[in-house]
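# Overview (structure and organization)
Given next are the chains, with one letter for each unit.
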Amino acid sequence: MGYRLVPLRSGRDLLAPPPRRLRDRRGRGLRGPLMPSSMPGHRTRADLFDAAAVEAFAEIDSRWHTHLTGLDVAVDDIPRMLPRGDGPVEWPDEVTADGQVPLARLIPAGIDVAGRPTRAQIILFRRPLELRAHDAEELPEILREVLIEQVATYLGVDEETVEDGPDEG
């Protein structure tokens with residue numbers, strides 16, 4: 001009796017779930033989208049977060065538009081910067097954090113590696129902000145507080161000044 005040689009598979013392949021079938025058992029697949037894009041249920045959590053962030057920033061921008069023309073707002077899913085160690089963390093002024101978890105970061109204007117000028121940018125970290133909101137009504141409030149703090153850092157003023165608006169006198 002002979003033995004049959006079988007190629008070795010890596011541990012990742014052995015532990016991976018079985019491949020998903022892309023079509024139903026009769027081979028026809030989905031006939032159309034499950035939810036039309038015009039329906040509210042079609043929006044993802046990321047879409048809802050983006051809309052809430054735009055709404056929160058629009059309120060600040062309506063008062064400070066002339067001062068914020070060189071500022072961009074972006075959303076990233078998770079922060080790429082995490083503290084090392086278990087001790088207390090001293091975040092710079094450009095970072096808004098809840099303990100050891102950054103919620104937003106201000107990147108000042110500068111020059112990129114190709115020598116081109118870059119604009120200042122506020123980066124909101126979606127997942128940490130969503131996790132701190134207990135319900136859908138609390139997320140806009142948290143976003144507004146974080147954006148006020150970041151805009152105050154960008155403008156070099158205190159947070160109450162950003163809330164009140166610029167002095168036009």
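In the block above lies the structure referred to throughout.
By convention here, each chain's residues receive numbers from 1 onward along its written sequence. Owing to the predicted nature of the model, reporting of local features is limited to residues with pLDDT of at least 70; listing and counting of side-chain atom pairs is limited to 80 or more, with chain, interface and lining totals taken over all residues. With hydrogens and water set aside, each side-chain value is computed from the structure's full complement of heavy atoms.

For the rest of this paragraph, the subject is the packing of helix α2 (residues 45-64) against helix α4 (residues 138-155). Angular values range over 0 to 180 degrees, each being the angle between N-to-C directions of two axes fitted as lines to C-alpha atoms, with helices fitted over their stretch in contact. Secondary structure elements follow DSSP: runs of H or I of four or more residues count as helices, runs of E of two or more count as strands, with numbering from the N terminus. It is the contact of α2 with α4, at a shortest axis distance of 9 Å, that shows an interaxial angle of 45°. Judged by the angle between their axes, α2 and α4 are oblique. Relative to α4, α2 is oriented so that their crossing is right-handed. Between α2 and α4, the residues in contact are F49, A52, A53, A56, F57, E59, I60, R63 and W64 and L139, P140, L143, R144, L147, I148, V151 and L155, respectively. Class assignment for the residues of the contact of α2 with α4 results in 14 nonpolar, no polar and 3 charged. Note that the term roughly parallel is reserved for angles under 35 degrees, roughly antiparallel for angles over 145, roughly perpendicular for angles of 65 to 115, and oblique for everything else. Each crossing is labelled by how the near helix is turned from the far one, with a counterclockwise turn of less than a right angle marking it left-handed and a clockwise turn marking it right-handed. Whether two residues are in contact is decided by their heavy atoms, any of which lying within 4.5 Å being enough. Charged residues are taken to be Asp, Glu, Lys and Arg, nonpolar residues to be Ala, Val, Leu, Ile, Met, Phe, Trp, Tyr, Cys and Pro, and polar residues to be all remaining types, Gly included.

This part is about the nonpolar core. Side-chain atoms within 4.5 Å are what join buried Ala, Val, Leu, Ile, Met, Phe, Trp, Tyr and Cys residues into a set we call a nonpolar core. Only protein chains enter the area calculation, which uses a 1.4 Å probe; residues under 20% of their type maximum are buried, those over 50% are exposed, and those in between are partly exposed. Counting 26 residues, the largest nonpolar core has I60, L71, L124, L129, L143 and V151 as the members making the most contacts within it. At the level of secondary structure, the elements contributing two or more residues to this core comprise α2, β3 (101-107), β6 (120-125) and α4. Top contributing element to this core by residue count: α4, with 8 residues. In this structure, L124 is in contact with A53, V73, A74, V75, D76, L103, A104, L129, L143, V146 and L147, ignoring residues within four places of it in sequence.

Right, let's get into α2. Multiplying 1.5 Å by the helix residue count minus one yields the expected span of that helix. In this model α2 runs 29 Å from its N-terminal to its C-terminal C-alpha over 20 residues, within 8% of the 28 Å that 1.5 Å per residue would give. The seven residues ending at a residue and the seven starting there each receive a fitted axis; the angle between those axes is the bend at that residue. Maximum bend of α2: about 25°, positioned at A58. For α2, every residue scored as buried is listed here: F49, A52, A53, A56, F57, I60 and W64. Contacts made by the buried residues of α2 are with β1 (71-76), β6, α3 (126-132), α4 and α5 (159-164).

Looking now at the side chain of Q150. One can find Q150 in helix α4. Accessibility expressed as a relative area gives 0% for Q150, which makes it buried. Side-chain polar atoms of Q150 contact the backbone nitrogen of L106, separated by 3.1 Å. Residue contacts for Q150: discarding those within four places in its chain leaves E94, V95, T96, A104, R105, L106 and I122. Between N or O atoms, a polar contact is any pair within 3.5 Å; within protein, one atom must be a potential hydrogen donor and the other a potential acceptor, and residues adjacent in sequence are included only when both atoms are from side chains.

Right, let's talk about α4 for a bit. For α4, with 18 residues, the first-to-last C-alpha span of 26 Å sits near the 26 Å given by 1.5 Å per residue. Those residues of α4 that sit buried are L139, I142, L143, V146, L147, I148, Q150, V151 and A152. Just downstream of α4 lies G156, where phi reads positive at about 75°.

Each salt bridge in this description consists of a side-chain nitrogen of Lys or Arg and a carboxyl oxygen of Asp or Glu lying within 4 Å of one another. Taken as a whole, this structure holds 10 salt bridges when the rule is applied. Its salt-bridge partner being R126, residue D77 comes within 3.0 Å of it at the nearest N-O pair. With D77 in the loop between β1 and β2 (95-98) and R126 in helix α3, the pair connects residues that are 49 residues apart, well separated along the chain. Classification of D77 as partly exposed rests on a relative accessible area of 39%. A residue is classified by how much of its surface remains accessible, and R126, at 10% relative accessible area, is buried. Here the salt bridges share partners, and the residues they tie into one network are E59, R63, R144 and E163.

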